[in-house]
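Listed below, chain by chain, are the residues.
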Amino acid sequence: MNIIVVLRQVPDLIEQLELDADGKSLDWGAASYIINESDDHALEQALLLKEAGGGTVTVVGLDFGNIEGSLHTAAAKGADRLIRLAWGEDAPPRLSHAAALYAAAIKPQNPDLVLVGVQAHDEWEGVLAPWLAATLGLPYVGVIRGVWRTETPGKVRVHKEFPGAVMAEFTMKLPAVLGILGAEKPPRYVPVSRIRAAAKSAQIVDQNVGVQPPAVGAQIEQLYFPAKGEGATMLTGSAEEVAARIAELLAERGLLR
Amino acid sequence: MSSQDILVVGEVQAGALAEISLELLGAARQLADQTGGQAVVLLMGEKLEAACDALGGADRVLLVEDPRLAAYNSELYVQLLDSVVAQEDPRAILIGSTSIGWDLAPLLAARRGVPMAVGCRRAWIKDGTVCATASICGGKLLADLALDKSPAVLMVLPGSFKPPEARGTPARVRLNLSVGDPQAVQFEKLVLPEAGDIDITTQEILVGVGRGIGQQENLEVVEQLAAALGGAVCASRPVVDQGWLPPTRQVGKSGMTVKPKLYLALGISGAPEHQEGMAGSELIIAVNTDPRAPIFEIAHFGAQIDLMDLVEPLTEVIRAKKAAG
């Protein structure tokens with residue numbers, strides 16, 4: 001099974017986000033970057049499928065943020081091929097442009113399965129996984145929490161998550177694109193030593209697919225931090241003082257019976 | 001020239017209209033009043049009459065009924081939705097930020113090459129342009145967007161709009177669209193969660209843990225706190241994704257919706273997807289080291305403190321208070 005995984009870099013929300021001077025975009029240069037969480041699950045799901053029945057896992061990432069580190073980590077986890085797409089801008093591409101770039105790189109690979117994280121927290125004008133499926137002309141199901149091989153070649157079985165921990169089971173004819181919410185197992189841990197070893201041995205193939213940006217749709221008129229409403233009444237002091245105050249609040253409301 | 005109508009893609013669960021559909025209709029009503037068009041609801045499925053009865057706030061209801069649509073299928077649903085959009089040519093299409101919406105909205109927008117907005121909390125018309133406020137970066141940023149090409153596709157966060165007042169009985173129009181057999185996507189069955197775990201939707205006290213828990217081993221002290229309170233531990237999605245707690249303990253869009261008397265949120269940032277499942281709790285106390293965590297906006301009380309510093313002293317003081325009667 002020829003599996004392609006898209007890995008993206010997104011701003012780390014643990015750090016304070018900063019806005020550009022025009023108030024219409026993030027200050028991307030000020031952000032620190034991490035691998036998109038659901039893409040990490042997509043990689044894990046791809047590796048599990050490979051381990052269950054063979055195949056190759058090719059990871060494609062845009063040259064933005066710390067993609068080289070993410071690609072090396074993917075190699076340390078077991079990815080077979082690494083492709084880095086040229087991108088020379090300070091900000092990531094618009095969604096439709098990103099989909100066109102990834103599609104141009106993925107199509108010649110003749111994949112059986114393309115796995116993409118179902119969401120990225122910096123997406124605002126669409127969702128990459130289904131957008132990529134539409135660009136590639138492949139069937140799509142998203143919000144997936146597990147992918148398994150079937151006895152019938154050319155198909156996979158997937159679980160799509162609905163509220164209440166209910167799953168809808170589908171059989172997908174390949175090739176297909178899946179939007180992964182979570183792999184059937186948590187992403188594996190690899191020690192730093194293996195990532196360092198992969199950084200020395202793994203070959204990253206650089207590609208410049210040179211796709212022109214398609215016409216864009218929505219425009220950001222203003223980007224801003226939510227106004228502070230009344231919000232929570234903040235409890236201050238040491239941990240013991242906060243604990244005591246919370247216990248008082250619960251007792252006042254009859255919640256400590 | 002597009003029509004000025006606003007099209008809502010309704011969702012039907014077990015024959016009943018999903019709550020999000022009425023919220024979308026509330027948004028559509030507001031927009032249609034500004035464009036001068038109609039608020040139109042599309043329902044796809046099997047045996048939709050009962051679901052129609054709740055749509056008194058709509059001007060028209062479009063029905064596509066077929067046994068092959070009884071279960072959701074992305075391939076069939078997006079083909080039909082595309083056909084309806086081509087026929088109706090609406091000014092905007094409102095789709096819920098749900099498991100189904102996350103498929104349909106972007107697939108439709110990409111197929112038709114039209115603008116889309118994710119995570120919409122507000123929507124309005126300005127100088128003929130559809131505008132929306134979208135929540136991004138886990139609710140830490142808001143973006144005011146202009147979508148000037150028709151139809152604009154808005155994926156709307158649950159809880160953002162109120163259902164409209166009923167206006168009478170809307171016209172029901174059965175669309176004679178060809179529903180083929182799916183070629184690539186085949187629904188097989190629903191898989192229900194395994195019985196045996198506690199039902200967090202019936203708990204009066206919930207201690208929710210998020211990414212701030214750091215590692216699975218830390219859950220033990222949180223379990224002790226929940227036991228002292230007489231409640232149960234639940235979690236936001238990252239904790240379940242790590243396999244530290246089962247999916248039956250997940251609160252949020254893709255998990256459970258809970259309304260306990262106390263929701264103690266520990267290390268939960270409060271992304272919109274999580275808020276969707278717990279905002280109705282009677283008392284919310286949030287503990288997070290990040291002063292900008294969106295959870296503090298909906299919490300009644302908060303503390304900017306490391307949860308691991310708080311949990312043990314809180315457990316002790318609660319045990320002491322309970323012991324003292």
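Residues numbered from 1 in each chain as written. Chains lettered and ligands numbered in written order. Predicted model: local features only at pLDDT ≥ 70, side-chain atom pairs only at ≥ 80, totals over all residues. Heavy atoms only, no water.

*Asks:* For this particular structure, what's the right way to read the overall build of chain A?
*Replies:* On a plain count of helices and strands, chain A comes out with six helices and 13 strands. Seen along its three principal axes, the alpha-carbon backbone of chain A occupies a region of about 65 × 45 × 40 Å. By residue count, 53% of the 257 residues in chain A fall in the buried class. Contacts in chain A between residues at least 24 apart in sequence constitute 71% of all its contacts with a sequence separation of at least 6. Per element, the accessible surface of chain A, about 10,800 Å² overall, is 49% carbon and sulfur. Within chain A, one finds 23 positive and 31 negative side-chain charges whose respective centroids are separated by 9 Å. (Helix = DSSP H or I, 4+ residues; strand = E, 2+ residues; numbered from the N terminus. Buried < 20%, exposed > 50% of the residue type's maximum accessible area, 1.4 Å probe, protein only. Contact = heavy atoms within 4.5 Å. Areas by Shrake-Rupley, 256 points an atom, 1.4 Å probe, with all protein chains shown as cover. Lys, Arg positive; Asp, Glu negative; His and termini not counted. Charge placed at Lys NZ, Arg CZ, Asp CG, Glu CD.)

*Asks:* Explain the interface of chain B and chain A to me, please; I cannot follow it from the model alone.
*Replies:* Accessible area lost upon the coming together of the parts serves often as the stated size of an interface. Contacts between chain B and chain A engage 84 residues on the former and 76 residues on the latter. Of the roughly 6,900 Å² buried at the junction of chain B and chain A (both faces included), carbon and sulfur atoms supply 64%. In this assembly, chain B and chain A are joined by three salt bridges. A salt bridge links A:Glu37 to B:Arg211, with the shortest nitrogen-to-oxygen separation between them at 3.0 Å. For the interface between chain B and chain A, the tally reads 28 residue pairs in polar contact (both at pLDDT 80 or more). Ranked by residue count, the leading element in the side of chain B that touches chain A is helix 9 (residues 307-324) of chain B, at eight residues. Looking at the side of chain B that touches chain A, its residues break down into 48 nonpolar, 17 polar and 19 charged. With two bridges joining them, strand 13 (residues 233-234) of chain A and strand 17 (residues 301-303) of chain B adopt parallel strand pairing. Pairing of A:Thr233 across the sheet is with B:Phe301, part of strand 17 of chain B. (Buried area = accessible area lost by both parts, 1.4 Å probe. Salt bridge = Lys/Arg side-chain N within 4 Å of Asp/Glu carboxyl O. Polar contact = N/O pair within 3.5 Å; in protein donor to acceptor, adjacent residues only side chain to side chain. Nonpolar A, V, L, I, M, F, W, Y, C, P; charged D, E, K, R; others polar. Pairing = 2+ DSSP bridges.)

*Asks:* Please explain the sheet that holds strand 16 (residues 283-287) of chain B as it appears in this structure.
*Replies:* To summarise the sheet geometry, strands pair through backbone hydrogen bonds and adopt either a parallel or an antiparallel arrangement. The strand order across the open sheet built from six strands is 13(A)-17(B)-16(B)-15(B)-13(B)-14(B), with neighbouring strands paired in parallel fashion. Strands at the two margins of the open sheet, each flanked by one partner only, are strand 13 of chain A together with strand 14 (232-235) of chain B. Looking at chain direction, strand 16 of chain B and strand 17 of chain B are connected through three bridges and run parallel. Looking at strand 17 of chain B, one finds that B:Ile285 is bridged to B:Phe301. Its contacts with the sheet put helix 5 (residues 219-229) of chain B on strand 13 (205-209), strand 14 and strand 15 (262-266) of chain B, and the angle it makes with strand 13 of chain B is roughly 165°. (Axes fitted to C-alpha atoms, helices over the stretch in contact; angles between N-to-C directions.)

*Asks:* When you look at unusual backbone geometry in this model, what are you seeing that I'm missing?
*Replies:* The phi torsion of most residues other than glycine is negative, and most of the peptide bonds are trans. The omega torsion across A:Leu174 and A:Pro175 is 5°, close enough to zero to call that bond cis. The peptide bond linking B:Ser150 to B:Pro151 adopts the cis configuration, its omega dihedral lying at -10°. Mapped onto the elements, B:Pro151 comes out in the loop between strand 9 (141-147) and strand 10 (152-156). For B:Ala14, which is not a glycine, the phi torsion comes out positive at approximately 50°. Within the secondary structure, B:Ala14 is located in the loop between strand 2 (12-13) and strand 3 (16-17). Accessibility expressed as a relative area gives 88% for B:Ala14, which makes it exposed.

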